[in-house]
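# Report on the structure
Residues per chain are reported as follows:
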Amino acid sequence: MTTATLVLTRVRIRGRLGLVLRVVLVLAALALVAYPLFYGGDVWAQRISRAAIYAVIGLSINTLTGHAGQISLGHQAFVGIGAFSAAFMASQLAAPLGFGLAAAALAGTVTALLVGMVALRVTGLYLTLVTLAFGLTAETTIFNWREFTGGGAGAFAPRPALVETDFAYAVLCLGVLALVLYVDWRLVSTKTGRALAAVRNNEDIAATLGVNVTGYKLGAFCFSGLVAGLAGGLFAYWNQVVQALDFEFQVALVWVLMTVVGGLRSRLGVIIASSFFALLPLTLPNFLSGLPWQPPFLNEAVYHVLPPFIVVVMLLLVLRFFPGGIGQLLAPVTRRGGPKGAKR
Amino acid sequence: MKRTGRHLLKADGLGLRFGGLQVLDELSLTVPEGRIVGLIGPNGAGKTSCFNCLTGIYRPQRGRVSFDGRDVSRLPTHRRARLGMTRTWQNLGVIDSLTVTENVMLAQHQRAGYGALAGILGMAGTWHRERELRRDAAEILDYFGLADVAGERVAELPYGTRKTCDMAMALASDPKLLLLDEPASGLSPEEALGLADTLRELRDRLRLTILMIEHHVPLVAEVCDYVYVLNFGRLLTEGGPEEIQRHPDVIAAYLGDGHATA
């Protein structure tokens, strides 16, 4: 495995140059967001909101899978329950946006707590199956509960005046993303991050060091559920209508894959991959069908099924060539310490 | 050996069974405060299982464990650890994905002095405590000669350094009792004897109590105040190291066909 990318990740850029590179990278990322946000009109403001929401979901999965080493294939249920809770608050109770988002976060947390208490009695493959079963069950039960979700027509979540414009809403989404990023940063920098690293490496060792393994795993589940629910709430007000088919199993799979492609435990990597996967279905079909030359047998309908295919190809590339994901490619710039790529 | 000192750790009639396999049977042992006690026996005798019962990773079907004057039989592992029971592992208890400093700070988990929630919310006190923990960790690393590799990931270090890091972690957790699982494995004979000095220093200067599993007979003879011999999950015999080495049952069971190597 001596590809150019791998060699690149072994380079360590130290000291002042490293700091400058990091600052440049962050500024470039901000510029990449700011330019379309200010000059791209409503279309791009909506897209940026969607990218930010996906990034929040990616960070939610990163907490559970990246930090705590647990897997969830039922994340669409946490996000969906958050979205429907927010919509319920907005349309049925006419509650302000803050209450809607709080309800979404709370609903996500409580659901994750309940699932976690059951799911964490099993590990590995069985945990995956339990979360998968939970997600599918939630789809057919909770999401079809007419009074809560509005049935097939969906539940409406009108935006309040303050964030009615797409620009203001994008700023709100970016603000929430910044908050989640801050918490993730503090998590990694304090005893919580170290304890979770121990839990994901070896639960027995963690326990003998005084770490309450069950507590931390459940805590990670709850926190992941909270962030996922919050993302669901943001989604509800973003789309202004929430339907069960927004939260089918396929999206949960894409979310897990985008987090892996981004690189577990790499904040920047997860954001980049999440944004990419959020925007791909919106931009790629239009872009391809707008090209002057169209290959035979291909048309716009085919272009719409391309994104999932691209996701899978990217996953294979990542697993084969840089298992640390996009975060591994960024490692020479973002990592302060050792010379090697993001390995476990 | 005098057995009148206060008992820091006491196991009473431990019985552990996995299906049809009786791993431990009526095992009782005591570790007096401020002593180094050895636990020896052939492979498969149940030594590591015994450690797992003492630390609460296994729940024995029978028997009790008391630590520091209190019955801990029903306490989960992390609660026993918080009472001051620290163990090392045969294949090292370091966390590969963390740096050496972070590993030592992980070992200080129980005395971080702030809650997990306060930490992730970035509450004011946690920043200060993190700096203090980092400073403490740096001191410990200095003592163990690990300062040069403090920022390296443990996965990238050679075995000997990882082993030293493991020991640094054991001490960073501020233990009353150290349970060492084969501390000399992977060390050269000279290094093993160097370890003897370290262990004695821990006992005499830091007033630590140590229970250790060890195969390296010269080390056991050198540092242990008292030795328990385990065979097929039962206590074969116990006594001072000199006595044990001459004991015919021990020679037969442990040292093979009568050639005492020490």
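Values in this document were obtained by computation on a predicted structure and should not be read as measured data.

What counts as what
- Residues numbered from 1 in each chain as written.
- Chains lettered and ligands numbered in written order.
- Predicted model: local features only at pLDDT ≥ 70, side-chain atom pairs only at ≥ 80, totals over all residues.
- Helix = DSSP H or I, 4+ residues; strand = E, 2+ residues; numbered from the N terminus.
- Rg over C-alpha atoms; globule rule 2.2 N^0.38 Å.
- Buried ≥ 20, exposed ≤ 12 C-beta atoms within 10 Å, placed from the backbone.
- Contact = placed C-beta atoms within 7 Å.
- Nonpolar A, V, L, I, M, F, W, Y, C, P; charged D, E, K, R; others polar.
- Pairing = 2+ DSSP bridges.
- Axes fitted to C-alpha atoms, helices over the stretch in contact; angles between N-to-C directions.
- pLDDT = per-residue confidence, 0-100.
- Core = buried A, V, L, I, M, F, W, Y, C linked by C-beta atoms within 7 Å.
- Domains from an automatic or database assignment.
- Parallel < 35°, antiparallel > 145°, perpendicular 65-115°, else oblique.
- Left-handed = near helix turned anticlockwise from the far one by under 90°.

## Remarks on the overall build of chain A
- Scanning chain A from N- to C-terminus turns up 15 helices and two strands.
- For a compact globule of 344 residues, the expected C-alpha radius of gyration is about 20 Å, and chain A comes in at 20 Å, within 12% of that figure.
- Considered along the principal axes of its C-alpha atoms, chain A spans approximately 60 × 55 × 40 Å.
- Across the 344 residues that make up chain A, the buried fraction comes to 48%.
- Put simply, of all contacts in chain A between residues at least 6 apart along the chain, 78% involve residues at least 24 apart.

## A look at the interface of chain A and chain B
- Taken together, the contact pairs 28 residues of chain A with 34 residues of chain B.
- Elements with a minimum of two residues in the side of chain A that touches chain B: helix 8 (166-189), helix 9 (191-201), helix 10 (203-208) and helix 11 (213-239) of chain A.
- Examining the composition of the side of chain A that touches chain B, we find that seven residues originate from one element, helix 9 of chain A, more than from any other.
- Across the side of chain A that touches chain B, the residue classes break down as eleven nonpolar, ten polar and seven charged.

## As for the environment of arginine 265 of chain A
Residues and elements named next belong to chain A.
- Assignment of secondary structure puts arginine 265 in the loop between helix 12 (249-262) and helix 13 (267-289).
- Linking arginine 265 and glycine 66, residues 199 residues apart in sequence, is a C-alpha distance of 5.2 Å.
- The residues contacting arginine 265, other than those within four sequence positions of it, are Asn62, Gly66 and His67.

## Re the sheet that holds strand 3 (residues 36-40) of chain B
All names here are of chain B.
- Here we have six strands laid out as an open sheet, ordered 6-7-8-3-9-10, and mixed in their pairing. Either end of the sheet is taken by a strand with one partner, and the two such strands are strand 6 (85-87) and strand 10 (234-239). On average, adjacent strands in this sheet sit at an angle of 20° to one another, irrespective of strand direction.
- Pairing of strand 7 (residues 177-181) with strand 8 (residues 209-213), which is carried by five bridges, proceeds in the parallel orientation. Bridging from a neighbouring strand, leucine 178 pairs with isoleucine 210 of strand 8.
- Here helix 1 (residues 47-55) sits on the sheet and contacts strand 3, strand 6, strand 7, strand 8 and strand 9 (226-231); the angle it forms with strand 7, its principal contact strand, is near 150°.

## What about the confidence of the model for chain A?
Residues and elements named next belong to chain A.
- Residues at a pLDDT of 70 or more form 92% of chain A, whose mean pLDDT is 86.
- When pLDDT is averaged over each element of chain A, helix 11 comes out on top at 96 and helix 1 (residues 4-9) at the bottom at 40.
- Considering only residues more than four positions removed or in separate chains, one finds that residues 1-11, a stretch of pLDDT under 50, has 17 contacts.
- Between residues 337-344, whose pLDDT stays under 50, and residues either more than four places distant or in other chains, the model counts 24 contacts.

## A closer look at the sheet that holds strand 4 (residues 62-67) of chain B
- Taken together, the four strands give an open sheet; going across it, the order is 2-1-4-5 (chain B), and neighbouring strands pair in antiparallel fashion. Sheet topology places strand 2 (21-32) and strand 5 (70-71) of chain B at the edges, where each strand pairs with a single neighbour.

## Examining the nonpolar core
Residue and element names in this part refer to chain A.
- Residues Val56 and Ala86 are the most contacted members of the largest nonpolar core, which totals 169 residues.
- The element contributing the most residues to this core is helix 11, with 16 residues.
- With sequence-adjacent residues up to four places away left out, valine 56 is seen in contact with Val176, Leu177, Val180, Val227, Leu230, Ala231 and Leu234.

## Observations regarding the pairing of strand 2 of chain B
Residue and element names in this part refer to chain B.
- Two strands pair when backbone bridges link them, and strand 1 (residues 7-18) and strand 2 are joined in this way by eight bridges, in the antiparallel orientation. Counted as the bridge partner of phenylalanine 18 is leucine 21 from strand 2.
- In this antiparallel pair of consecutive strands, strand 1 and strand 2, the connection spans two residues, and glycine 19 shows a positive phi of 60°.

## Observations concerning the domain arrangement of chain B
Residue and element names in this part refer to chain B.
- On domain assignment, one finds that chain B holds domain 1 (1-84 + 175-262) and domain 2 (97-172).
- Once you take the C-alpha centre of each, domain 1 and domain 2 turn out to be 28 Å apart.
- Across the contact, five residues belong to domain 1 and four residues belong to domain 2.

## Focus: the packing of helix 9 of chain A against helix 3 (residues 100-107) of chain B
- In the contact formed by helix 9 of chain A and helix 3 of chain B, the axes pass within 9 Å of each other and the chain directions differ by 95°. Taken together, the axes of helix 9 of chain A and helix 3 of chain B lie roughly perpendicular to each other. Residues Arg194, Ala195 and Ala198 of chain A of helix 9 of chain A form the contact with helix 3 of chain B, whose own contacting residues are Glu102, Met105 and Leu106 of chain B.
- Residues belonging to the contact of helix 9 of chain A with helix 3 of chain B are distributed by class as follows: four nonpolar, no polar and two charged.

## Things to note about unusual backbone geometry
- Its identity is not glycine, yet leucine 92 of chain B carries a phi of approximately 65°, on the positive side.
- By the element assignment, leucine 92 of chain B lies in the loop between strand 6 and helix 3.

## Things to note about the packing of helix 3 (residues 41-67) of chain A against helix 8 of chain A
Residues and elements named next belong to chain A.
- Put simply, helix 3 and helix 8 touch, their axes get as near as 8 Å, and they point 20° apart. By the angle class used here, helix 3 and helix 8 are roughly parallel. As for the relative orientation of helix 3 and helix 8, their crossing is left-handed in sense. Here Asp42, Ala45, Gln46, Ile48, Ser49, Ala52, Ile53, Ala55, Val56, Leu59 and His67 of helix 3 come into contact with helix 8, specifically with Asp166, Phe167, Tyr169, Ala170, Cys173, Leu174, Val176, Leu177, Val180, Asp184 and Leu187.
- Its residues assigned to classes, the contact of helix 3 with helix 8 comprises 16 nonpolar, three polar and three charged.

## Topic: helix 3 of chain B
- The buried fraction of helix 3 of chain B is high, at eight of eight residues.
- What helix 3 of chain B keeps buried is the set Val100, Thr101, Glu102, Asn103, Val104, Met105, Leu106 and Ala107 of chain B.

## Focus: the environment of proline 292 of chain A
All names here are of chain A.
- Its place among the elements puts proline 292 in the loop between helix 13 and helix 14 (300-321).
- What makes proline 292 exposed here is the crowd of 4 C-beta atoms within 10 Å.
- Between the alpha carbons of proline 292 and methionine 314 there is a distance of 27 Å; along the sequence they are 22 residues apart.

## With respect to the environment of alanine 184 of chain B
Residues and elements named next belong to chain B.
- With respect to the secondary-structure elements, alanine 184 resides in the loop between strand 7 and helix 7 (189-205).
- As a C-alpha pair, alanine 184 and glutamate 26 span 158 residues in sequence and 28 Å in three-dimensional space.
- Sequence-distant contacts of alanine 184, that is, excluding residues within four places in its chain, are made with Ala192, Leu195, Glu214, His216 and Leu219.

## Re the confidence of the model for chain B
Residue and element names in this part refer to chain B.
- Scored by pLDDT, chain B comes out at a mean of 89, with 95% of its residues at no less than 70.
- Low pLDDT, under 50, characterises residues 258-262; the stretch is placed with ten contacts to residues that sit more than four places away or in other chains.
- Two summary scores accompany this predicted model of the complex, namely pTM at 0.88 and ipTM at 0.89.

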